[in-house]
Amino acid sequence: MSKMHNKKRNVGIIYEQLILYMCNKMLENKKDDVKRASKVVKKYFSKNTQLFKEYKLFKALVNTRGIDSVLATSIIQEAKKACTDHFHENNLESEKSNLIFELNKNFGKGNI
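My aim in this report is to walk through the structure given alongside it, one point at a time. (Residues numbered from 1 in each chain as written. Predicted model: local features only at pLDDT ≥ 70, side-chain atom pairs only at ≥ 80, totals over all residues. Heavy atoms only, no water.)

### Some remarks on the packing of helix α1 (residues 11-27) against helix α3 (residues 50-62)
Link 1 in the chain: Put simply, α1 and α3 touch, their axes get as near as 9 Å, and they point 95 degrees apart. In terms of their interaxial angle, α1 and α3 are classed as roughly perpendicular. From α1, Val11, Gly12, Ile13, Tyr15 and Glu16 reach across to α3, where they touch Leu51, Glu54, Tyr55 and Phe58. (Axes fitted to C-alpha atoms, helices over the stretch in contact; angles between N-to-C directions. Helix = DSSP H or I, 4+ residues; strand = E, 2+ residues; numbered from the N terminus. Parallel < 35°, antiparallel > 145°, perpendicular 65-115°, else oblique. Contact = heavy atoms within 4.5 Å.)

Following this line, the structure appears as structure tokens:
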């Protein structure tokens, strides 16, 4: 079952955009905005969430460097297996939907 990639639902991109948003608001000295974004990060990326597990996997793949193509293929296969074995897909999709809804509601659609 192949799915098309949707960058709006990519947990790595969302997390990085939240961090970038918070950094920008810190530079602008908008502490309330930083606090709101920080609450979202703590809520959706705490250690017991599916989003946190997916983000850890994403980060491990992004930070892997300097390996040959055979090992890279093996790592990707293991990552795919981990996705099917360690994630509760319905919970993960529900968490992503709730996160995106909350981001749009609190910060405006397209701002993060």
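Now that the structure is up, let's keep going.
### Observations concerning the pattern of salt bridges
Link 1 in the chain: Taken as a whole and assessed by the stated rule, the structure comprises 5 salt bridges.
Link 2 in the chain: Across the salt bridge formed by Glu102 and Lys43, the nearest N and O atoms sit 3.1 Å from each other. One end of the pair, Glu102, is in helix α5 (residues 89-107); the other, Lys43, is in helix α2 (residues 31-44), with 59 residues separating them in the sequence.
Link 3 in the chain: According to the relative accessible area criterion, Glu102 is buried, its value standing at 17%.
Link 4 in the chain: On the basis of relative accessible area, Lys43 is assigned to the partly exposed category, the value being 49%.
Link 5 in the chain: Two residues, Lys96 and Glu54, come together in a salt bridge whose shortest N-O distance is 3.1 Å. Of this pair, Lys96 sits in helix α5 while Glu54 sits in helix α3, placing them 42 residues apart in sequence. (Salt bridge = Lys/Arg side-chain N within 4 Å of Asp/Glu carboxyl O. Buried < 20%, exposed > 50% of the residue type's maximum accessible area, 1.4 Å probe, protein only.)

### Concerning the side chain of Asp33
Link 1 in the chain: Along the chain, the position of Asp33 falls in helix α2.
Link 2 in the chain: A polar contact is formed between the side chain of Asp33 and the side chain of Arg36, at a distance of 2.9 Å.
Link 3 in the chain: Ignoring any residue separated from it by four or fewer positions in sequence, one finds Asp33 in contact with Tyr21, Lys25 and Phe107. (Polar contact = N/O pair within 3.5 Å; in protein donor to acceptor, adjacent residues only side chain to side chain.)

### A look at α2
Link 1 in the chain: The end-to-end C-alpha separation of α2 is 20 Å, in line with the 20 Å expected for 14 residues at 1.5 Å each.
Link 2 in the chain: All of the buried residues along α2 are Asp33, Val34, Ala37, Val40, Val41 and Tyr44. Seen end-on, α2 carries its buried residues on one side only, within an arc spanning 125 degrees. Turned more than 90 degrees from where α2 packs its buried face, Lys31, Asp32, Lys35, Lys39 and Lys42 sit exposed.
Link 3 in the chain: Summarising the contacts, the buried residues of α2 are in contact with α1, α3 and α5. (Expected span 1.5 Å × (residues − 1). Arc of directions from axis to C-beta.)

### Re the environment of Phe52
Link 1 in the chain: Looking at where Phe52 falls in the secondary structure, it is placed in helix α3.
Link 2 in the chain: For the pair Phe52 and Asp85, spaced 33 residues apart in sequence, the C-alpha separation works out to 16 Å.
Link 3 in the chain: Non-local contacts of Phe52, meaning those with residues more than four positions away in its chain, are made with Tyr44, Phe45, Ser46 and Lys47.

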